[in-house]
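Summary of the model geometry
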Amino acid sequence: MEFTFLTANKIVFKSGAINELATHVKSLGTNFMLVVDPFFYTSPTMESIKKQFDDAGLRYTAFGDVKGEPTVELADEITGIALKSGCDAVISIGGGSCIDAGKSTAALITNGTPAVDYMEVVGKGKKVTIPPVPFIAVPTTAGTGSEVTKNAVLGSHIMNFKRSMRSDMMIANLTLVDPQLTIGCPKRVTANSGIDAATHLIEAFTTWRETPISYGLCISGIELIGKYLRRAYDDGTDLESREGMSAAALIAGMAFANSGLGAAHGVGMAVGIAYDVPHGEACGIMLPHVMKLNSPHVLPKMAKIGEMLTGKRFASEQEAADAAVDFMFELCAHMGIKPDFKHLSIPKEEIPALAKASFGTSMSSNPVQLTQEEWEEYFTTIM
Ligand SMILES: NC(=O)c1ccc[n+]([C@@H]2O[C@H](COP(=O)([O-])OP(=O)(O)OC[C@H]3O[C@@H](n4cnc5c(N)ncnc54)[C@H](O)[C@@H]3O)[C@@H](O)[C@H]2O)c1
Ligand SMILES: [Fe+2]
């Protein structure tokens, strides 16, 4: 057995922790670049953060214009502002988009722009060699796990890609999870980010790259998904379920960052990028299909997932595994996540390119390996 495990240096999980932000970050910098989600930028909590920083004698520059999923151009822009203001640390408060924008900024401040040079596959192969300035992640969606991962997903509308900038050094120095921040998430965001976390957990559990650490994390996280995702979607003000989902998303990030994902992310990312479907929704549409496809090859694990999601015991592994797949199809239907990609009316001639684009690290971590031709054939049933 052989594995490495990397996660954020420190994790603070507490409802209301945002009211102690300055106390938690003051040892990490003196002049902070605050990358703040637009929904949060004009909130009373943002005003209270400014007061906390003023009272603590900490300087800051706030950027509140992360619109949509972030781009390399945006990362360069924020880095320019941070350098001009002399910032020595970065704090992201927001969804995965905002966290990735801040995470890349922290690395670009010390290693230099442009961000595109560092992007996997499409970049110039430039590496992050100088430690980034301290980075603090405060998630406001319970989904991506970016608060504990070492990559930032950035796209480009100009160059038409969505890829990762990745380094062990980019992992957050401090992750502050305050589930109260997710209370205001609209239903659509709760559904998409929640199903993203569910996909991370189920893929990290079934991948052949599983480790004893990710195994334990996924057991805990999948149980939380079964208990709380539907509840958080039905009643966004239910703090217990928001706490459960914030913990599930965090645990999922710790697991998949070290063990990898699977075909739901491989295909979901390819379709999401080509047809502008939000990341979580695209992966969530694929999830029950991939579970069904993988099930015969990882039956004991799929059976365990069925037990954890439903909280029930079954007469046979097959029944438990079927219950896992059914649970996910039903949960997606309940949350308005489509059962396939047919609503996108993807032209048949696009299928080979989509199948090709699905291949990458996630796909190679899937427990079942299909050829490109086999995927093309499979796509005709779901696209
Ligand atoms: N780096 C990683 O490890 C990793 C992993 C998975 C996904 N991602 C990336 O993360 C991005 C998606 O992040 P996401 O799913 O968190 O969505 P998001 O950050 O794009 O946010 C979705 C929407 O919800 C709003 N929002 C966020 N929190 C809110 C709140 N508490 N109340 C009200 N509105 C709120 C945002 O303003 C935005 O309009 C994608 O770019 C995806 O590729 C990164
Ligand atoms: Fe994801």
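What counts and how
- Residues numbered from 1 in each chain as written.
- Chains lettered and ligands numbered in written order.
- Predicted model: local features only at pLDDT ≥ 70, side-chain atom pairs only at ≥ 80, totals over all residues.
- Helix = DSSP H or I, 4+ residues; strand = E, 2+ residues; numbered from the N terminus.
- Rg over C-alpha atoms; globule rule 2.2 N^0.38 Å.
- Buried ≥ 20, exposed ≤ 12 C-beta atoms within 10 Å, placed from the backbone.
- Near = placed C-beta within 6 Å.
- Nonpolar A, V, L, I, M, F, W, Y, C, P; charged D, E, K, R; others polar.
- Domains from an automatic or database assignment.
- Core = buried A, V, L, I, M, F, W, Y, C linked by C-beta atoms within 7 Å.
- Contact = placed C-beta atoms within 7 Å.
- Expected span 1.5 Å × (residues − 1).
- Pairing = 2+ DSSP bridges.
- Axes fitted to C-alpha atoms, helices over the stretch in contact; angles between N-to-C directions.
- Parallel < 35°, antiparallel > 145°, perpendicular 65-115°, else oblique.
- Left-handed = near helix turned anticlockwise from the far one by under 90°.
- Arc of directions from axis to C-beta.

1. What to know about the overall build of the protein chain
Secondary structure assignment for the protein chain yields 15 helices and eight strands. Relative to a compact globule of 383 residues, whose C-alpha radius of gyration would be 21 Å, the protein chain shows 20 Å and is just as compact. C-alpha extents for the protein chain along the principal axes are approximately 60 × 45 × 45 Å. The burial tally for the protein chain puts 52% of its 383 residues in the buried class.

2. Considerations on the site of ligand 1
Around ligand 1, 31 residues are found, and the nearest of them are Glu69, Gly95, Gly96, Ser97 and Thr149. Contributing elements (two or more residues each) for the shell around ligand 1: α2 (38-41), α5 (96-111), β6 (151-156), α6 (187-206) and α10 (279-294). When grouped by side-chain class, the residues that make up the shell around ligand 1 number nine nonpolar, 18 polar and four charged. Structurally, the shell around ligand 1 is a two-domain feature, drawing no fewer than three residues from each of domain 1 (10-181) and domain 2 (185-382).

3. Let's talk about the nonpolar core
Counting residues in each nonpolar core, the largest one holds 119 residues, and the members touching the most others are Val90, Leu201 and Ala248. No other element matches helix α8 (residues 239-259), which puts ten residues into this core. Counting contributing residues per domain, this core is built from domain 1 (10-181) and domain 2 (185-382), each supplying no fewer than three. In this structure, alanine 248 is in contact with Ala142, Ala197, Leu201, Gly221, Leu224, Ile225 and Tyr228, ignoring residues within four places of it in sequence.

4. Examining helix α3 (residues 44-56)
The end-to-end C-alpha separation of α3 is 18 Å, in line with the 18 Å expected for 13 residues at 1.5 Å each. Looking one or two residues beyond α3, the residue adopting positive phi is glycine 57, at roughly 70°.

5. Here's the deal with the sheet that holds strand β3 (residues 59-63)
A sheet is described by the order of its strands in space; here six strands give the open sequence β1-β8-β5-β4-β2-β3, paired in parallel fashion. Two strands lie at the open edges of the sheet, namely β1 (10-13) and β3, each paired on one side alone. Geometrically, the sheet is characterised by an average inter-axis angle of 15° between neighbouring strands, direction not taken into account. As paired strands, strand β2 (residues 31-36) and β3 are joined by five bridges and run parallel to one another. Bridge assignment links asparagine 31 to a residue of β3, and that residue is arginine 59.

6. Remarks on the pairing of strand β7 (residues 161-166)
Bridge count between β6 and β7: six bridges; the pairing is antiparallel. Paired with leucine 154 across the two strands is arginine 163, which belongs to β7.

7. Quick word on the packing of helix α9 (residues 263-275) against α10
Contact geometry of α9 with α10 gives a least axis separation of 8 Å together with a crossing angle of 135°. Judged on the interaxial angle alone, α10 and α9 are oblique. Between α9 and α10 lies a crossing whose hand is right-handed. Where α9 approaches α10, its residues Ala263, Ala264, His265, Val267, Gly268, Met269, Val271 and Gly272 are matched on the opposing element by His279, Ala282, Cys283, Ile285, Met286, Leu287 and Val290. Counted by class, the contact of α9 with α10 contains eleven nonpolar, four polar and no charged residues.

8. Looking at helix α12 (residues 317-334)
Between its terminal C-alpha atoms α12 stretches 26 Å, which fits the 26 Å expected from 18 residues at 1.5 Å a residue. For α12, the full list of buried residues reads Ala320, Ala321, Ala324, Val325, Phe327, Met328, Leu331 and Cys332. Buried positions in α12, seen along its axis, are confined to an arc of 150° and lie on one side of it. Turned more than 90 degrees away from the buried face of α12 sit Glu330 and Ala333, all of them exposed.

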